[in-house]
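Chain and residue survey
Listed here are the chains, written in short residue letters.
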Amino acid sequence: MWAVGENDKSLRHATLLLSFLSIKLAKLRILGYPGGMSVEPTGKPSSRSAAQVVRKRVLRNDARFWKHADFRGLSPAAVATELSRLTRDGELERVAKGVYYRAVPTAFGASLPSASAAAAAAVNVPLYPAGLSAANMLGLSTQNPGRAEYAVPGRSRPAALAGSIIHTGRPVARRKLSGEDGAILELIRERGRSSDLPPKETVRRVKHLLADVERYQRLVDAALEEPPRVRAILGALGQELEMPARPIEKLRDSLNPLSRFDFGALRILRYALEWQAK
(Lines give C-alpha, C1' and ligand atoms only; values in the text may rest on other atoms or scores of the structure.)
Protein backbone atom coordinates (compact mmCIF):
# COMPACT_ATOMS: atom_id res chain seq x y z
CA MET A 1 0.00 0.00 0.00
CA TRP A 2 1.26 3.45 -0.86
CA ALA A 3 1.64 6.02 1.92
CA VAL A 4 -0.22 9.26 1.40
CA GLY A 5 2.06 12.28 1.74
CA GLU A 6 1.18 15.84 2.62
CA ASN A 7 1.28 16.87 -1.05
CA ASP A 8 -1.17 14.11 -1.93
CA LYS A 9 -3.54 15.27 0.81
CA SER A 10 -3.43 18.85 -0.46
CA LEU A 11 -4.13 17.66 -4.00
CA ARG A 12 -7.09 15.61 -2.80
CA HIS A 13 -8.54 18.61 -0.90
CA ALA A 14 -8.13 20.85 -3.93
CA THR A 15 -9.87 18.28 -6.14
CA LEU A 16 -12.82 17.99 -3.73
CA LEU A 17 -13.14 21.78 -3.54
CA LEU A 18 -13.20 22.12 -7.32
CA SER A 19 -15.85 19.40 -7.55
CA PHE A 20 -17.97 21.22 -4.98
CA LEU A 21 -17.65 24.51 -6.87
CA SER A 22 -18.58 22.84 -10.14
CA ILE A 23 -21.78 21.46 -8.59
CA LYS A 24 -22.72 24.87 -7.13
CA LEU A 25 -22.12 26.63 -10.46
CA ALA A 26 -24.26 24.06 -12.26
CA LYS A 27 -27.09 24.67 -9.80
CA LEU A 28 -26.81 28.41 -10.27
CA ARG A 29 -27.04 27.99 -14.04
CA ILE A 30 -30.20 25.92 -13.61
CA LEU A 31 -31.66 28.74 -11.52
CA GLY A 32 -30.78 31.24 -14.21
CA TYR A 33 -27.41 32.66 -13.08
CA PRO A 34 -26.07 33.44 -15.58
CA GLY A 35 -28.62 33.19 -18.38
CA GLY A 36 -31.67 34.76 -16.71
CA MET A 37 -31.73 38.33 -15.43
CA SER A 38 -28.10 39.37 -15.13
CA VAL A 39 -26.66 41.69 -12.55
CA GLU A 40 -23.66 43.92 -13.18
CA PRO A 41 -20.83 43.98 -10.62
CA THR A 42 -22.01 47.39 -9.35
CA GLY A 43 -25.33 45.91 -8.21
CA LYS A 44 -27.30 48.01 -10.73
CA PRO A 45 -29.79 46.29 -13.05
CA SER A 46 -28.34 45.24 -16.42
CA SER A 47 -29.65 46.68 -19.68
CA ARG A 48 -31.85 43.63 -20.12
CA SER A 49 -33.43 43.82 -16.67
CA ALA A 50 -33.82 47.62 -16.97
CA ALA A 51 -35.75 47.11 -20.21
CA GLN A 52 -38.00 44.61 -18.45
CA VAL A 53 -38.70 47.12 -15.67
CA VAL A 54 -39.58 49.85 -18.19
CA ARG A 55 -41.89 47.61 -20.21
CA LYS A 56 -43.67 46.22 -17.16
CA ARG A 57 -44.21 49.67 -15.66
CA VAL A 58 -45.56 51.15 -18.89
CA LEU A 59 -47.91 48.29 -19.73
CA ARG A 60 -49.49 48.04 -16.28
CA ASN A 61 -50.61 51.71 -16.32
CA ASP A 62 -53.58 53.37 -17.96
CA ALA A 63 -53.41 56.37 -20.28
CA ARG A 64 -50.57 58.68 -19.25
CA PHE A 65 -47.41 60.35 -20.45
CA TRP A 66 -43.93 58.91 -19.93
CA LYS A 67 -40.53 60.60 -19.87
CA HIS A 68 -37.01 59.32 -19.28
CA ALA A 69 -37.10 61.00 -15.85
CA ASP A 70 -39.87 58.58 -14.80
CA PHE A 71 -37.26 55.81 -14.65
CA ARG A 72 -34.59 57.24 -12.38
CA GLY A 73 -32.02 54.69 -11.23
CA LEU A 74 -32.10 52.76 -14.51
CA SER A 75 -29.60 53.00 -17.34
CA PRO A 76 -30.59 56.03 -19.50
CA ALA A 77 -29.52 54.18 -22.65
CA ALA A 78 -31.61 51.11 -21.73
CA VAL A 79 -34.63 53.31 -20.93
CA ALA A 80 -34.36 55.18 -24.25
CA THR A 81 -34.00 51.93 -26.18
CA GLU A 82 -37.02 50.29 -24.52
CA LEU A 83 -39.25 53.36 -24.95
CA SER A 84 -38.35 53.37 -28.65
CA ARG A 85 -39.08 49.65 -28.85
CA LEU A 86 -42.48 50.12 -27.17
CA THR A 87 -43.22 52.86 -29.70
CA ARG A 88 -42.38 50.53 -32.62
CA ASP A 89 -44.61 47.87 -31.04
CA GLY A 90 -47.52 50.32 -30.98
CA GLU A 91 -47.71 50.44 -27.17
CA LEU A 92 -46.56 54.08 -26.99
CA GLU A 93 -46.85 57.16 -29.18
CA ARG A 94 -44.05 59.74 -29.31
CA VAL A 95 -45.78 63.12 -28.89
CA ALA A 96 -42.76 65.37 -28.27
CA LYS A 97 -39.02 65.08 -27.86
CA GLY A 98 -38.48 62.66 -24.99
CA VAL A 99 -42.24 62.43 -24.27
CA TYR A 100 -44.37 59.35 -24.97
CA TYR A 101 -48.08 58.70 -24.57
CA ARG A 102 -49.70 55.44 -23.56
CA ALA A 103 -53.19 55.14 -25.06
CA VAL A 104 -55.90 52.81 -23.76
CA PRO A 105 -59.15 51.62 -25.36
CA THR A 106 -62.33 53.58 -24.58
CA ALA A 107 -65.92 53.36 -25.74
CA PHE A 108 -65.02 55.90 -28.43
CA GLY A 109 -61.76 54.29 -29.56
CA ALA A 110 -58.22 54.70 -28.28
CA SER A 111 -57.67 57.59 -25.90
CA LEU A 112 -55.92 60.61 -27.43
CA PRO A 113 -53.54 63.09 -25.78
CA SER A 114 -54.53 66.73 -25.96
CA ALA A 115 -51.97 69.17 -27.34
CA SER A 116 -51.90 71.10 -24.06
CA ALA A 117 -51.38 67.93 -22.02
CA ALA A 118 -48.54 66.86 -24.30
CA ALA A 119 -46.92 70.26 -23.90
CA ALA A 120 -47.31 70.03 -20.12
CA ALA A 121 -45.65 66.62 -20.06
CA ALA A 122 -42.64 68.08 -21.87
CA VAL A 123 -42.15 70.82 -19.27
CA ASN A 124 -39.39 70.05 -16.79
CA VAL A 125 -41.03 71.73 -13.79
CA PRO A 126 -43.66 70.31 -11.39
CA LEU A 127 -47.17 70.89 -12.75
CA TYR A 128 -50.43 70.22 -10.94
CA PRO A 129 -53.86 70.26 -12.61
CA ALA A 130 -56.07 73.02 -11.21
CA GLY A 131 -59.67 74.14 -11.60
CA LEU A 132 -61.67 72.08 -14.09
CA SER A 133 -58.51 70.26 -15.14
CA ALA A 134 -58.09 68.99 -11.57
CA ALA A 135 -61.79 68.11 -11.21
CA ASN A 136 -61.68 66.19 -14.49
CA MET A 137 -58.54 64.29 -13.47
CA LEU A 138 -60.03 63.34 -10.10
CA GLY A 139 -63.34 62.12 -11.53
CA LEU A 140 -65.40 65.06 -10.25
CA SER A 141 -66.24 66.53 -13.65
CA THR A 142 -66.68 65.30 -17.21
CA GLN A 143 -65.95 68.74 -18.65
CA ASN A 144 -62.81 69.28 -20.70
CA PRO A 145 -61.82 72.93 -20.25
CA GLY A 146 -61.11 74.93 -23.39
CA ARG A 147 -57.84 76.00 -21.81
CA ALA A 148 -55.93 73.61 -19.59
CA GLU A 149 -55.34 74.93 -16.07
CA TYR A 150 -52.25 74.23 -13.97
CA ALA A 151 -50.60 75.33 -10.73
CA VAL A 152 -46.83 75.57 -10.35
CA PRO A 153 -44.48 76.12 -7.39
CA GLY A 154 -42.56 79.40 -7.59
CA ARG A 155 -43.23 82.34 -9.89
CA SER A 156 -42.08 81.15 -13.33
CA ARG A 157 -44.60 80.48 -16.11
CA PRO A 158 -43.47 77.71 -18.47
CA ALA A 159 -43.24 79.20 -21.98
CA ALA A 160 -44.45 75.92 -23.53
CA LEU A 161 -47.83 76.42 -21.81
CA ALA A 162 -48.52 79.92 -23.10
CA GLY A 163 -52.08 78.92 -24.07
CA SER A 164 -52.93 77.49 -20.65
CA ILE A 165 -54.10 79.09 -17.42
CA ILE A 166 -51.18 79.02 -14.99
CA HIS A 167 -51.44 79.70 -11.24
CA THR A 168 -48.04 80.53 -9.79
CA GLY A 169 -46.80 80.84 -6.22
CA ARG A 170 -47.75 77.39 -4.97
CA PRO A 171 -45.57 76.19 -2.04
CA VAL A 172 -42.20 74.61 -2.78
CA ALA A 173 -43.24 71.71 -0.52
CA ARG A 174 -45.42 70.47 -3.39
CA ARG A 175 -42.38 69.47 -5.43
CA LYS A 176 -42.41 66.04 -3.77
CA LEU A 177 -46.04 65.36 -4.74
CA SER A 178 -47.44 63.53 -7.74
CA GLY A 179 -49.74 65.28 -10.19
CA GLU A 180 -52.79 63.66 -8.60
CA ASP A 181 -51.67 64.63 -5.09
CA GLY A 182 -51.30 68.23 -6.23
CA ALA A 183 -54.70 68.12 -7.95
CA ILE A 184 -56.31 67.07 -4.65
CA LEU A 185 -54.75 70.04 -2.88
CA GLU A 186 -55.98 72.33 -5.68
CA LEU A 187 -59.52 70.98 -5.32
CA ILE A 188 -59.41 71.54 -1.55
CA ARG A 189 -57.86 74.97 -2.05
CA GLU A 190 -60.84 76.06 -4.15
CA ARG A 191 -63.30 74.39 -1.71
CA GLY A 192 -64.58 71.89 -4.31
CA ARG A 193 -65.95 74.65 -6.51
CA SER A 194 -65.08 72.95 -9.83
CA SER A 195 -66.83 69.69 -9.00
CA ASP A 196 -69.91 68.91 -11.11
CA LEU A 197 -71.19 66.52 -8.45
CA PRO A 198 -73.58 67.40 -5.60
CA PRO A 199 -71.76 68.27 -2.34
CA LYS A 200 -72.46 64.86 -0.81
CA GLU A 201 -70.99 63.03 -3.81
CA THR A 202 -68.07 65.45 -3.97
CA VAL A 203 -67.20 64.68 -0.34
CA ARG A 204 -67.56 60.94 -0.93
CA ARG A 205 -65.19 61.08 -3.90
CA VAL A 206 -62.60 63.22 -2.08
CA LYS A 207 -62.68 60.86 0.90
CA HIS A 208 -62.09 57.93 -1.44
CA LEU A 209 -59.06 59.71 -2.91
CA LEU A 210 -57.67 60.38 0.58
CA ALA A 211 -58.34 56.95 2.07
CA ASP A 212 -54.69 55.86 1.75
CA VAL A 213 -52.86 56.73 5.00
CA GLU A 214 -49.51 57.35 3.30
CA ARG A 215 -51.07 59.74 0.82
CA TYR A 216 -52.90 61.57 3.58
CA GLN A 217 -49.71 62.01 5.61
CA ARG A 218 -47.88 63.19 2.50
CA LEU A 219 -50.53 65.81 1.81
CA VAL A 220 -50.52 66.97 5.43
CA ASP A 221 -46.79 67.63 5.26
CA ALA A 222 -47.22 69.65 2.07
CA ALA A 223 -50.33 71.44 3.37
CA LEU A 224 -48.44 73.01 6.26
CA GLU A 225 -47.33 75.62 3.71
CA GLU A 226 -50.81 75.97 2.15
CA PRO A 227 -53.44 78.59 3.18
CA PRO A 228 -55.11 77.89 6.55
CA ARG A 229 -58.42 76.88 4.94
CA VAL A 230 -56.64 74.02 3.13
CA ARG A 231 -55.25 72.74 6.41
CA ALA A 232 -58.65 73.06 8.12
CA ILE A 233 -60.51 71.18 5.37
CA LEU A 234 -57.82 68.50 5.23
CA GLY A 235 -58.10 68.12 9.01
CA ALA A 236 -61.87 67.70 8.86
CA LEU A 237 -61.50 65.10 6.13
CA GLY A 238 -58.84 63.24 8.09
CA GLN A 239 -60.94 63.16 11.23
CA GLU A 240 -63.89 61.77 9.29
CA LEU A 241 -61.61 59.14 7.74
CA GLU A 242 -60.23 58.27 11.21
CA MET A 243 -56.66 58.96 10.16
CA PRO A 244 -53.77 58.63 12.66
CA ALA A 245 -53.77 61.25 15.41
CA ARG A 246 -50.33 62.72 14.72
CA PRO A 247 -50.96 64.28 11.26
CA ILE A 248 -54.33 65.60 12.44
CA GLU A 249 -52.68 67.19 15.49
CA LYS A 250 -50.09 68.84 13.21
CA LEU A 251 -52.89 70.43 11.20
CA ARG A 252 -54.84 71.57 14.27
CA ASP A 253 -51.75 73.07 15.91
CA SER A 254 -51.03 75.08 12.74
CA LEU A 255 -54.37 76.94 12.88
CA ASN A 256 -55.29 80.13 14.73
CA PRO A 257 -58.18 79.01 17.00
CA LEU A 258 -59.93 82.37 16.52
CA SER A 259 -60.07 82.16 12.71
CA ARG A 260 -63.02 80.93 10.65
CA PHE A 261 -62.76 79.40 7.20
CA ASP A 262 -65.02 79.12 4.16
CA PHE A 263 -65.35 75.39 3.33
CA GLY A 264 -67.57 76.01 0.28
CA ALA A 265 -69.08 72.77 -1.07
CA LEU A 266 -67.13 70.86 1.61
CA ARG A 267 -68.90 72.49 4.54
CA ILE A 268 -71.14 69.40 4.85
CA LEU A 269 -68.19 67.49 6.32
CA ARG A 270 -69.18 65.92 9.63
CA TYR A 271 -66.49 67.73 11.61
CA ALA A 272 -66.47 70.99 9.65
CA LEU A 273 -67.53 73.10 12.64
CA GLU A 274 -64.86 71.54 14.84
CA TRP A 275 -62.35 72.69 12.23
CA GLN A 276 -63.59 76.27 12.35
CA ALA A 277 -65.84 76.29 9.26
CA LYS A 278 -68.02 79.37 8.87
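My aim in this report is to walk through the structure given alongside it, one point at a time. From a predicted model like this one, the values you see are computed outputs, not experimental measurements.

This brings us to the packing of aromatic side chains. This model, assessed by the stated rule, comprises one aromatic pair. Here the aromatic rings of Trp 66 and Phe 71 are separated by 5.3 Å at their centres, their planes lie at 20 degrees, and the arrangement is stacked. Grouping residues by exposure puts Trp 66 and Phe 71 together as buried. Taking NZ or CZ as reference, Arg 252 lies 4.0 Å from the ring centre of Trp 275, over its face.

A separate point is the packing of helix α8 (residues 213-223) against helix α10 (residues 245-253). The N-to-C vectors of α8 and α10 enclose an angle of 20 degrees; their axes lie 10 Å apart at closest approach. On the basis of their axis angle, the class for α8 and α10 is roughly parallel. The way α8 lies across α10 gives a crossing that is left-handed. Along its contact with α8, which presents Tyr 216, Gln 217, Val 220 and Asp 221, the element α10 presents Pro 247, Ile 248, Lys 250 and Leu 251. For the contact of α8 with α10, the per-class residue count stands at five nonpolar, one polar and two charged.

Calculation criteria
Residues numbered from 1 in each chain as written. Predicted model: local features only at pLDDT ≥ 70, side-chain atom pairs only at ≥ 80, totals over all residues. Heavy atoms only, no water. Phe/Tyr/Trp six-rings, centres within 6.5 Å; stacked < 30°, edge-to-face > 60°. Buried < 20%, exposed > 50% of the residue type's maximum accessible area, 1.4 Å probe, protein only. Lys NZ or Arg CZ within 6 Å of the ring centre and 35° of its normal. Axes fitted to C-alpha atoms, helices over the stretch in contact; angles between N-to-C directions. Helix = DSSP H or I, 4+ residues; strand = E, 2+ residues; numbered from the N terminus. Parallel < 35°, antiparallel > 145°, perpendicular 65-115°, else oblique. Left-handed = near helix turned anticlockwise from the far one by under 90°. Contact = heavy atoms within 4.5 Å. Nonpolar A, V, L, I, M, F, W, Y, C, P; charged D, E, K, R; others polar.

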